[in-house]
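# What the coordinates show
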There are 2 protein chains.
Amino acid sequence: MIRIHILGSAAGGGLPQWNCACANCEAARAGKIAPQTQSSIAISNDSEDQRQWFLINASPDLPCQIENTPQLQPRRDSPRNTPISAVFLTNADIDHALGLLLLRQDETPLVVYATDETRTALAWIDRVLARFRGLEWRKIAADFQPLSSSLVFRAIQLPGGVAYQFRDDTSGATVLLAPSVGESTDELRNALHKSDVVLFDGTFWSDGELATVRPGARTSREMNHLPISDGSLDLLRQSPARRKIFTHINNTNPILMPGTRERAQVEQAGIVIARDGLEITL
Amino acid sequence: MIRIHILGSAAGGGLPQWNCACANCEAARAGKIAPQTQSSIAISNDSEDQRQWFLINASPDLPCQIENTPQLQPRRDSPRNTPISAVFLTNADIDHALGLLLLRQDETPLVVYATDETRTALAWIDRVLARFRGLEWRKIAADFQPLSSSLVFRAIQLPGGVAYQFRDDTSGATVLLAPSVGESTDELRNALHKSDVVLFDGTFWSDGELATVRPGARTSREMNHLPISDGSLDLLRQSPARRKIFTHINNTNPILMPGTRERAQVEQAGIVIARDGLEITL
């Protein structure tokens, strides 16, 4: 059995974002919609008594996410310990990597899976952490490789980053974790058709969304995020996955607000809008 | 009038710390003592309708601290704005500086006051932020210099960092903000005698405290923190300040737990133990 926890469902900046007074951020401050922390996912296929968890991206909100998730907290039988075994990075974005620095208080190097490009782009984190526990970088590949007990994983190369597919070889259950997708590829479409559960990039509804609150801002596609309205909604509609979930949702995205036509379109397509603390077992 | 908000009162790692199962961290997880975020202080002397706030250190918990402090949130009359005018760094510790990266979503450079040593040690943050809003570094000095309306400030050089003194030139009210003190100096003792309110380094109770949960860990003094039991308690007892507060308190410190003799000693000396959200006006 695979267990997934959505630790954080927001894009960089979170909801609300410190300097943002858009409708969603103000609604979150007023308690009308739930605040959301920045995108991280935890995955495991271990039983409760032999816990080993893997993180997909390490957001700056990770310590707070750990305190909201008892499974990720230390055992009480020794003063310092953690069930977190490794971090899988999808790219070198600050909101995906800064949490690495917040796991610095340990004696053994932190295992990180990433592309060579991501490793190079994060040399600054590597240097800072070398004064503490250090990082142990591991290669990723397009073919499935073993991770722990019956859990295997592979990386799907995308423009600007990777997605990951995890499979439990005992049950055959397969999950696609793709919080950052700049463009669809044949390999990604293939993975979308061979996964039971899909967590997918839901950053922006429309390509020009960010410029409405920050004039001159880059478009969704320029930031390596396929917009929902003009890309991922159709892509996910065509996937036969049992559960399809948008995550890594920017604070400006209208799908966050109940009653919008954009949210209705997503729900009518059978797609769930992620929220912090959502658990999935398969 | 000077207003001070203790945004976070914990040392690096916070309370509880992600991988720590010490008595205090477990008590915080169980709801027996209040969790505390990492050390940052906000100060202002402006009236409510002309808000301008300064931060002393920018912890990784800053976005969450801003959401807990309405005064630091954006106005509703424009989509992106902030009342935070500048950050004063006491040193280059990660738990004091990482929050700079979390204020990156803005168009204008972030003003940072720091020593040249701190600026050099934080070149990595400078380089990363250059791709976003960038930093505008400002010099600090031992003599008072104007900041905003009637607020003036000066830096007190310490081994391993600085403390800051802020004064309202209209009322004469003076505050000493010293969350990181490795050693006492004549200048610091002088400032302790000429301040109405003192916020002081309360990281560790004893010099060897951290080694009890992490064998081989450095001592309090080696980490540039004067222990309370063997330094700062006496130092603060001798200060005539009206309010004396320990902040930047490590998760291992016994003063966090009600009923300990260490906490009783601090309270008997008339010193307050900081907590997140504590407000002081003078």
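Cut-offs used in this document
Residues numbered from 1 in each chain as written. Chains lettered and ligands numbered in written order. Predicted model: local features only at pLDDT ≥ 70, side-chain atom pairs only at ≥ 80, totals over all residues. Heavy atoms only, no water. Helix = DSSP H or I, 4+ residues; strand = E, 2+ residues; numbered from the N terminus. Rg over C-alpha atoms; globule rule 2.2 N^0.38 Å. Buried < 20%, exposed > 50% of the residue type's maximum accessible area, 1.4 Å probe, protein only. Contact = heavy atoms within 4.5 Å. Areas by Shrake-Rupley, 256 points an atom, 1.4 Å probe, with all protein chains shown as cover. 1 Å grid on protein atoms, 1.4 Å probe; cavity = no way out; pocket = protein on both sides within 12 Å on 5 of 7 lines; lining within 4 Å. Points joined across faces, edges and corners; volume = space filled by probe spheres on them. Nonpolar A, V, L, I, M, F, W, Y, C, P; charged D, E, K, R; others polar. Pairing = 2+ DSSP bridges. Axes fitted to C-alpha atoms, helices over the stretch in contact; angles between N-to-C directions. pLDDT = per-residue confidence, 0-100. Polar contact = N/O pair within 3.5 Å; in protein donor to acceptor, adjacent residues only side chain to side chain. Buried area = accessible area lost by both parts, 1.4 Å probe.

### With respect to the overall build of chain A
Scanning chain A from terminus to terminus reveals eight helices and 14 strands. A compact globule built from 282 residues should have a C-alpha radius of gyration of about 19 Å, and chain A, at 18 Å, falls within 12% of that. The dimensions of chain A, computed from C-alpha atoms along their principal axes, are 50 × 40 × 35 Å. Split into buried and exposed, the 282 residues of chain A put 62% on the buried side. Relative to all contacts within chain A whose residues are 6 or more apart in sequence, the contacts with residues 24 or more apart total 64%. In the form shown here, chain A has an accessible surface area of approximately 10,500 Å², with 47% of it arising from carbon and sulfur atoms.

### Notes on the layout of surface pockets
The volume enclosed by the largest pocket comes to roughly 1,000 Å³. Together, 43 residues line the largest pocket, and A:D93, A:D95, A:R218, A:M223 and B:F132 are the ones closest to its centre. Taken together, the elements giving at least two residues each to the lining of the largest pocket come down to α3 (94-97) and α4 (116-121) of chain A. Counting residues per element, the lining of the largest pocket draws most heavily on α4(A), which supplies three residues. Across the lining of the largest pocket, the residue classes tally to 13 nonpolar, 18 polar and 12 charged.

### Thoughts on empty space enclosed by the protein
In total, this model carries two cavities of 30 Å³ or more according to the counting rule given. Of the pockets and cavities examined, the largest cavity occupies roughly 50 Å³. Lining the largest cavity are A:G13, A:W18, A:Q38, B:P63, B:L102, B:R104 and B:Q105. Looking at side-chain class alone, the lining of the largest cavity contains three nonpolar, three polar and one charged residues.

### Brief notes about the sheet that holds strand β4 (residues 84-88) of chain B
Residues and elements named next belong to chain B. Strand order in the open sheet formed by seven strands is β6-β5-β4-β3-β2-β1-β14, with mixed pairing between adjacent strands. Edge positions in the sheet fall to β6 (135-138) and β14 (279-281), since each has one partner strand and no second. Between one strand and the next, the sheet's axes are offset by a mean angle of 25 degrees, whatever the strand orientation. Two strands pair when backbone bridges link them, and strand β2 (residues 40-44) and strand β3 (residues 53-56) are joined in this way by three bridges, in the antiparallel orientation. Its bridge partner being in β3, I41 is matched across the sheet by I56.

### Re the confidence of the model for chain A
Across chain A, the average pLDDT comes to 96, with 99% of residues at 70 or higher. We note a pTM of 0.96 for the whole complex and an ipTM of 0.95 for its interfaces.

### Things to note about the pairing of strand β2 (residues 40-44) of chain A
Consecutive residues of a regular strand have side chains that alternate between opposite faces of the sheet. With five of its five residues buried, β2(A) lies for the most part within the structure. Of the two faces of β2(A), the one lined by A:S40, A:A42 and A:S44 and the one lined by A:I41 and A:I43 are each fully buried.

### Re the side chain of A:S184
Residue and element names in this part refer to chain A. As for its position among the elements, S184 is in the loop between β10 (174-178) and α6 (186-193). Engagement of the side chain of S184 in a polar contact is seen with the side chain of R189, the distance being 2.7 Å. When sequence neighbours within four positions are dropped, the list of residues in contact with S184 reads R189, L226 and L235.

### Focus: the interface of chain B and chain A
It is common to give the size of an interface as the accessible area lost on bringing the parts into contact. Across the contact, 43 residues belong to chain B and 43 residues belong to chain A. Interface area, chain B with chain A, both sides summed: about 4,000 Å², of which 57% is carbon and sulfur. When residues of chain B are sorted by the area they lose upon contact with chain A, B:W18, B:R80 and B:I94 head the list and together hold 23% of the total. Where chain B meets chain A, there are 16 residue pairs in polar contact (both at pLDDT 80 or more). When grouped by side-chain class, the residues that make up the side of chain B that touches chain A number 19 nonpolar, 11 polar and 13 charged.

### Side note on the pairing of strand β12 (residues 243-247) of chain B
Residue and element names in this part refer to chain B. The buried count for β12 comes to four of five residues, which makes it a mostly enclosed element. Pairing between strand β11 (residues 197-201) and β12: five bridges, direction parallel. In the sheet register, D201 faces β12, and the bridge partner there is T247. Of the pairings in the sheet, the one linking β12 to strand β13 (residues 271-273) comprises three bridges and is parallel in character. Paired with I245 across the strands is V272, a residue of β13.

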